[in-house]
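# Geometric and topological summary
Listed here are the chains, written in short residue letters.
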Amino acid sequence: MNKSTETTENQPSNGVYLELFHGRKTKDEELDDWGTPGPIFGPLAYVHTTYQDHIKFEQNGDWHELWLAEGMIFYDGMWYGDWTVFALDGKDEVQLREIKSRLASYEESKSKIQ
């Protein structure tokens, strides 16, 4: 696996994105709300789920993996219970602002469970 430390320029462009959300600090934390919004990775060349235990995707020419543990994804100190893959066409100004504030480049060290 290639390790990408390249920073996304926070300028969303048309393409496919992976969004993590419904974040919490521990897997068993009970939430009264939707939890913490997570990073948005993209644009991506592809997103692929394998055996319902990890998600592979390509960003900036490098492929990456996010692993599921008990149905959640760990990234950057948070556990995310939900994720979505979506296409951006650049026409929705509200969506563009939201994406810009959360756009991230994947960092492998942030996906390690501590």
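The following paragraphs examine the structure supplied in this document. The structure displayed is predicted, hence computed values, not measured ones. (Residues numbered from 1 in each chain as written. Predicted model: local features only at pLDDT ≥ 70, side-chain atom pairs only at ≥ 80, totals over all residues. Heavy atoms only, no water.)

## Let's talk about the nonpolar core
Of all hydrophobic cores here, the largest spans 13 residues; its most connected members are L18, L20, F41, F57, L66, Y75 and Y106. Elements that contribute at least two residues to this core include exactly β1 (15-24), β2 (40-50), β3 (54-59), β5 (72-75) and β6 (78-88). In this structure, F41 is in contact with V16, Y17, L18, L20, F57, Q59, L66, Y75, A104, S105 and Y106, ignoring residues within four places of it in sequence. Counting residues in hydrophobic clusters, the runner-up holds 7 residues, among them F86, L88, L96 and I99. (Core = buried A, V, L, I, M, F, W, Y, C linked by side-chain atoms within 4.5 Å. Buried < 20%, exposed > 50% of the residue type's maximum accessible area, 1.4 Å probe, protein only. Helix = DSSP H or I, 4+ residues; strand = E, 2+ residues; numbered from the N terminus. Contact = heavy atoms within 4.5 Å.)

## Points about a negative patch on the surface
Taken together, the side chains of D28, E29, E30, D32 and D33 present a region of like negative charge at the surface. As for its placement among the helices and strands, D33 is situated in the loop between β1 and β2. For D33, a relative accessible area of 60% corresponds to the exposed category. (Patch = residues over 30% accessible without salt bridge, like charges linked within 9 Å, V, L, I, M, F, W, Y side chains within 5 Å. Areas by Shrake-Rupley, 256 points an atom, 1.4 Å probe, with all protein chains shown as cover. Salt bridge = Lys/Arg side-chain N within 4 Å of Asp/Glu carboxyl O. Lys, Arg positive; Asp, Glu negative; His and termini not counted. Charge placed at Lys NZ, Arg CZ, Asp CG, Glu CD.)

## Points about the pairing of β3
With 6 bridges connecting them, β2 and β3 associate as antiparallel partners. By the bridge assignment, H48 is partnered in β3 with K56. With 6 bridges joining them, β3 and strand β4 (residues 62-69) adopt antiparallel strand pairing. Among the inter-strand pairings, Q59 is bridged to a residue of β4, identified as D62. Between β3 and β4, which pair antiparallel in sequence order, lie 2 residues; one of them, N60, sits at a positive phi of approximately 55°. (Pairing = 2+ DSSP bridges.)

## Notes on the packing of aromatic side chains
A full pass over the atoms with the stated rule returns 8 aromatic pairs. Members of the aromatic cluster, connected to one another through ring pairs, are F41, F57, Y75 and Y106. Directly above the aromatic system of W79 lies the positively charged group of K27, at a separation of 5.0 Å from the ring centroid. (Phe/Tyr/Trp six-rings, centres within 6.5 Å; stacked < 30°, edge-to-face > 60°. Lys NZ or Arg CZ within 6 Å of the ring centre and 35° of its normal.)

## Brief notes about the environment of K100
In this fold, K100 is placed in helix α1 (residues 93-102). Assessed through its relative accessible area of 39%, K100 is described here as partly exposed. Between the alpha carbons of K100 and I40 there is a distance of 8.8 Å; along the sequence they are 60 residues apart.

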